[in-house]
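Single-letter residue listing:
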Amino acid sequence: MFRVTREITFCYGHRLLNYDGKCRHLHGHNGRAVLTLEAPQLDALGMVVDFSRIKHVVSTWIDESLDHRMLLHRDDPALPFLRQQGEPVFVMDVNPTAENIAKLIYDFAAAQGFPVVEVRLWETDSCYATYAGRR
């Protein structure tokens, strides 16, 4: 089995609803998404997937959809105010935990046809969450 990994850095803000800790407040992170793709054989060029294709598709989506945005649950009471102020938000159906953001990125990459096996989202230098889907 062959694997390739690409790191994508981005900044985002969020807060967790129904959480009794610091993360219940609006705050930000310098995130690092680490995508791992896997294939049993290489393509005609000798690659699992060209790194530049991952960058073009996944990095572009992260830059346009998640970077420098507040990632908020659809029921977050701050959402109407932030929208009224013209602040960039990305609305999620689930609490915007590191685990759910990792899954969000995984699902996007998989929907684009990438043979992704794992996304690791580093929320800080010492904390990350991993989502590894089933193929």
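It should be noted that the structure appears before, not after, this text.
Scope of this entry: the structure provided in the associated data block.

Here is what the cut-offs are and how they apply
- Residues numbered from 1 in each chain as written.
- Predicted model: local features only at pLDDT ≥ 70, side-chain atom pairs only at ≥ 80, totals over all residues.
- Heavy atoms only, no water.
- Helix = DSSP H or I, 4+ residues; strand = E, 2+ residues; numbered from the N terminus.
- Buried < 20%, exposed > 50% of the residue type's maximum accessible area, 1.4 Å probe, protein only.
- Contact = heavy atoms within 4.5 Å.
- Expected span 1.5 Å × (residues − 1).
- Phe/Tyr/Trp six-rings, centres within 6.5 Å; stacked < 30°, edge-to-face > 60°.
- Bend = angle between axes of the 7 residues up to and from the residue.
- Polar contact = N/O pair within 3.5 Å; in protein donor to acceptor, adjacent residues only side chain to side chain.
- Core = buried A, V, L, I, M, F, W, Y, C linked by side-chain atoms within 4.5 Å.

## As for the environment of Val89
Tracing the sequence through the fold places Val89 in strand E4 (residues 89-92). For Val89, a relative accessible area of 17% gives the class buried. Distance in space between the C-alpha atoms of Val89 and Glu7 is 23 Å, their sequence separation being 82 residues. With residues up to four places along the chain from it excluded, the contact list for Val89 reads Arg69, Met70, Leu72, Leu79, Leu82 and Arg83.

## Some points on unusual backbone geometry
Only a minority of non-glycine residues have a phi that is not negative, and only a minority of peptide bonds are not trans. In this structure, Asn18 takes a positive phi of about 55° despite not being glycine. Considering the arrangement of structural elements, one finds Asn18 in the loop between strand E1 (2-14) and strand E2 (27-39). Even without glycine at this site, His68 takes up a positive phi of about 55°. Within the secondary structure layout, His68 lies in the loop between helix H1 (51-65) and strand E3 (69-73).

## As for helix H3 (residues 98-111)
Here H3 is 14 residues long and its end C-alpha atoms lie 20 Å apart, about the 20 Å a rise of 1.5 Å per residue gives. Ala98, Ile101, Ala102, Leu104, Ile105, Tyr106, Phe108 and Ala109 are the residues of H3 that are buried. Following H3 by one or two positions, Gly113 adopts a phi angle in the positive range, close to 90°.

## Things to note about the packing of aromatic side chains
Under the definition given, this model contains five aromatic pairs. Judged by centre distance (5.0 Å) and plane angle (75°), the rings of Tyr106 and Tyr131 are edge-to-face. In this pair, Tyr106 sits in helix H3 while Tyr131 sits in strand E6 (residues 128-131), placing the two residues 25 residues apart along the sequence. Accessibility expressed as a relative area gives 6% for Tyr106, which makes it buried. Taking the relative accessible area as the measure of exposure, Tyr131 reaches 25% and is therefore partly exposed. Between Trp122 and Tyr128 the ring centres are 4.3 Å apart and the planes differ by 45°, which places this aromatic pair in the tilted class. Taking relative accessible area as the criterion, Trp122 reaches 18% and is therefore assigned buried. In this structure Tyr128 comes out as partly exposed when scored by relative accessible area, which is 41%. Through a chain of ring-to-ring contacts, three or more aromatic side chains come together here, namely Trp61, Phe90 and Phe108.

## Some words on H1
Along its 15 residues, H1 runs 20 Å from first to last C-alpha, staying within 8% of the 21 Å computed at 1.5 Å per residue. Along its length, H1 shows its largest kink, about 25°, at Ser59. Where H1 is concerned, the buried positions are Ile54, Val58, Ser59, Trp61, Ile62 and Ser65. Buried residues along H1 sit against E1, E2, E3, E4 and H3. Looking at where H1 begins, the residue whose side-chain oxygen comes 2.9 Å from the main-chain nitrogen of Ser52 is Asp50.

## A short note on the nonpolar core
Core analysis: the largest hydrophobic core is formed by 31 residues, its most contacted members being Leu35, Leu37, Val58, Leu66 and Ile105. Counting residues per element, the ones that place at least two in this core are E1, E2, H1, E4, H3 and strand E5 (116-122). Here this core gets eight residues from one element, more than from any other, and that element is H3. In this view, Leu35 contacts Val4, Thr5, Arg6, Ile8, Val58, Ile105, Ala109, Glu118 and Val119; residues no more than four positions away in its chain are not counted. Judged by nonpolar contacts, the second largest core, of six residues, contains Met70, Leu72, Leu82 and Val89.

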